[in-house]
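Chain by chain, the residues run as shown.
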Amino acid sequence: MEKRSDIRYNLNSCIVVLDRKTNKPIGNLANLSKQGAMFLTAEAVKVSSKFSCKIELEKPIMDYDEIWFDATCFWCRKNIKNNLWESGYQLQVSGIDIELISYLSLSYVLDSLESPGIEEPKTVQLESRRINTRYEPKNIFPVFAKQKSIQVGEIVDISQGGIMMTTNSSHEKGSIVEYRAKLPKRIFQRDYLIFKAECRWTRKDEHSGKYTIGLKFINLSQQDSVIILHLIIHYLNECSSTKRLKVI
């Protein structure tokens, strides 16, 4: 049985893999990770074949319009249904291209997710109501003012649509805030998740005196959206149903 140390992402659109030396197509990319990939080709590929590859990006990622990598074919089989050959490759990737591949593969997962935002808190059952699944950090995620080093709170949970956080100060419903959340490690050359958001609701804990607020993202950048997806996959846990009853 094949053992993979990383997650392989299926791509939803056609991406052509080119030979860097000849600029001719090798095949279409079927799935991708930092260590492996599958190509679709019209002809069979000999096992152990090596290719110097590049992908030309439809939209630049962090100002790069190409991703370079070397690929070694480890297996090849015929897909009778679509009359194409499938071949699996081990990739050799270095430098910025490692981050670009992660960014590209995660962005395709992001495209399949919906981001309807955060609704007002209610006391109804939420299992069939919530479209955006919320996730809670495994460790503390401090939140700071965008331009200052002052900590304003901590993330309670996060989704593709918004954030719930605790803070020492009240936020008026409808107010706009700009914050940055410290990431557990550098992700796509970023140390912070930077976001602008609208406060949708606020409530005070009478025992601690702290406030819990629900924030809906406003015009979140593609890079920050993919950073959130990376956090969900690697650093967050899905909130339990009891916690999810608090906010829908």
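Conventions used here
- Residues numbered from 1 in each chain as written.
- Predicted model: local features only at pLDDT ≥ 70, side-chain atom pairs only at ≥ 80, totals over all residues.
- Heavy atoms only, no water.
- Helix = DSSP H or I, 4+ residues; strand = E, 2+ residues; numbered from the N terminus.
- Buried < 20%, exposed > 50% of the residue type's maximum accessible area, 1.4 Å probe, protein only.
- Phe/Tyr/Trp six-rings, centres within 6.5 Å; stacked < 30°, edge-to-face > 60°.
- Lys NZ or Arg CZ within 6 Å of the ring centre and 35° of its normal.
- Salt bridge = Lys/Arg side-chain N within 4 Å of Asp/Glu carboxyl O.

**Looking at unusual backbone geometry**
Residue asparagine 83 is not a glycine yet carries a positive backbone phi of 60°. Looking at the element boundaries, asparagine 83 is found in the loop between strand E6 (64–79) and strand E7 (84–92). For asparagine 83, a relative accessible area of 52% corresponds to the exposed category. Of note, asparagine 219 is a non-glycine position whose phi angle comes to about 50°, a positive value. Locating asparagine 219 in the fold gives a position in the loop between strand E14 (211–217) and helix H2 (222–234).

**Notes on the packing of aromatic side chains**
On inspection of all chains with the given rule, the structure shows five aromatic pairs. Ring plane angle 65° and centroid distance 6.1 Å describe the contact between phenylalanine 51 and tyrosine 89, whose orientation is recorded as edge-to-face. Taken together, the residues phenylalanine 51 in strand E5 (residues 50–61) and tyrosine 89 in strand E7 connect sequence positions 38 residues apart. Tyrosine 89 carries the same exposure label as phenylalanine 51, and that label is buried. Ring geometry for tyrosine 179 versus phenylalanine 195: centroids 6.3 Å apart, planes at 85°, classification edge-to-face. Within this pair, whereas tyrosine 179 is found in strand E12 (residues 176–187), its partner phenylalanine 195 is found in strand E13 (residues 190–204), the two being separated by 16 residues in sequence. Ring pairs connect the aromatic residues Phe39, Phe51 and Tyr89, which therefore count as one cluster. For the cation-ring pair, arginine 180 lies above tyrosine 192, with the distance from its terminal atom to the ring centre recorded as 4.4 Å.

**A word on the pattern of salt bridges**
Across all of its chains, the model carries seven salt bridges by this definition. Between lysine 54 and glutamate 56 there is a salt bridge, with its nearest N and O atoms 3.7 Å apart. Judged by relative accessible area, which is 44%, glutamate 56 ranks as partly exposed. Linked through salt bridges whose partners overlap, the residues forming this network are Lys54, Glu56 and Glu66.

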